[in-house]
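Now for the letters of each chain:
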Amino acid sequence: MTKDSYLVGLIGSGIGPSLSPALHEREADRQGLRYLYRLIDIDVLGAAPDAVGDLVRAARDLGFDGLNITHPCKQLVIPHLDALAPQAEALGAVNTVVFEDGRAVGHNTDVTGFAASFARGLPDVPLERVVQLGAGGAGAAVAHATLTLGAGRVTVVDALPDRATDLAASLNHHFGAGRAAAATPDRLPELLAHADGTVHATPTGMAAHPGLPFAAGLLRPGLWIAEVVYRPLETELLRTARAVGCATLDGAGMAVFQAADAFRLFTGREPDSARMLADIAELAGAVAAPK
């Protein structure tokens, strides 16, 4: 039986500025649903990240329909779930939990969200040699998505070499030997000189982390740039890359398509991603506008 009332939430650290509540609730309003999206911020609660298991159990007991999970809990939540969808299991990270018949089932919509955004925004770019900056939670998801989209080889660059090495090993395990490699930031000039494109999956460019993730001189026409950051929508990297003549993709599409996939999992209803893309442009623009 299809319900018309939903209670969902987001567990994570420092999530006060999240646009997820507005994205979900606006789409639900248009579909005539009663839909309440609550923020469960571990910083506000004074809870450690490993309290995520207790929070998931409490949400289930309180009648929540599902949860989104974000940094730093995407891996920590897994032992507390009853089952994992194949994508979440392959990735070793969960960003969506659906409560079904008393069971907590983990999914990952970051992968599908980035893949849908990339296919829409950069449909015809070459994918033989891709350089990715960042091997954290978002980095793991977008690397899986990029290889799923048909990338020949993804070289993962991270300031923490072990993290890049571990992600590359996981990618090679799932996609086949030689599909991924790890590198340190000092190799970026050489790597970017021969790359088709770059996926940026570090916090650099966010309001709290302004600047460029690498020297502007490494950008060149013909190198495409895909950004994961969506606050602000136009990061310094995107602005600089466009001025050079690069094809670019901002982070709004990933934010919207992962939210749309989560909305579908929570409600069983089809969201209108075009309307949600308009929402995020308005919401992110409103946030960026001077007070």
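Residues numbered from 1 in each chain as written. Predicted model: local features only at pLDDT ≥ 70, side-chain atom pairs only at ≥ 80, totals over all residues. Heavy atoms only, no water.

1. A short note on the sheet that holds strand 9 (residues 180-183)
Okay, so step 1: The 6 strands lie next to each other as 9-8-7-10-11-12, forming an open sheet whose pairing is parallel. Both outer strands of the open sheet, strand 9 and strand 12 (248-249), are each paired with one neighbouring strand and no more.
Okay, so step 2: Sitting on the sheet, helix 9 (residues 236-244) is in contact with strand 10 (197-200), strand 11 (224-227) and strand 12, with an inclination near 160° to strand 11. (Pairing = 2+ DSSP bridges. Helix = DSSP H or I, 4+ residues; strand = E, 2+ residues; numbered from the N terminus. Contact = heavy atoms within 4.5 Å. Axes fitted to C-alpha atoms, helices over the stretch in contact; angles between N-to-C directions.)

2. So, the UniProt feature "binding site: NADP(+)" (unreviewed entry) in the protein
Okay, so step 1: Mapped onto this numbering, the UniProt entry annotates "binding site: NADP(+)" (unreviewed entry) at Gly134, Ala135, Gly136, Gly137, Ala138, Val228 and Gly251.
Okay, so step 2: Checked against the element boundaries, Ala138 lands in helix 6 (residues 137-148).
Okay, so step 3: Apart from the residues within four sequence positions on either side, Ala138 is in contact with Ala201 and Val228.
Okay, so step 4: Within the secondary structure layout, Gly251 lies in the loop between strand 12 and helix 10 (252-267).
Okay, so step 5: Judged by relative accessible area, Gly251 falls into the buried class, the value being 1%. (UniProt positions renumbered as here; feature names shortened; annotations may be inferred. Buried < 20%, exposed > 50% of the residue type's maximum accessible area, 1.4 Å probe, protein only.)

3. A short note on the pairing of strand 11
Okay, so step 1: Side chains of strand 11 alternate between two faces, with Trp224 and Ala226 and Ile225 and Glu227 buried alike.
Okay, so step 2: Across 4 bridges, the pairing between strand 10 and strand 11 is parallel. What sits directly across from Gly197, in strand 11, is Trp224.
Okay, so step 3: Across 2 bridges, strand 11 lies against strand 12 in parallel orientation. Directly across from Ile225, in strand 12, lies its bridge partner Thr248.

4. So, the UniProt feature "binding site: shikimate" (unreviewed entry) in the protein
Okay, so step 1: With numbering aligned to this structure, UniProt lists the feature "binding site: shikimate" (unreviewed entry) at Ser18, Leu19, Ser20, Thr70, Asn95, Asp110, Tyr230 and Gln258.
Okay, so step 2: Among the secondary structure elements, Thr70 is positioned in the loop between strand 3 (66-69) and strand 4 (83-84).
Okay, so step 3: Ignoring anything within four residues of it in the chain, the contact list for Thr70 reads Leu10, Ile11, Gly12 and Ile15.
Okay, so step 4: Structurally, the position occupied by Asn95 is in the loop between helix 4 (86-91) and strand 5 (96-100).
Okay, so step 5: Leave out the neighbours within four places in its chain, and Asn95 touches Leu67, Asn68, Ile69, Lys74, His107, Asn108, Thr109, Asp110 and Gln258.

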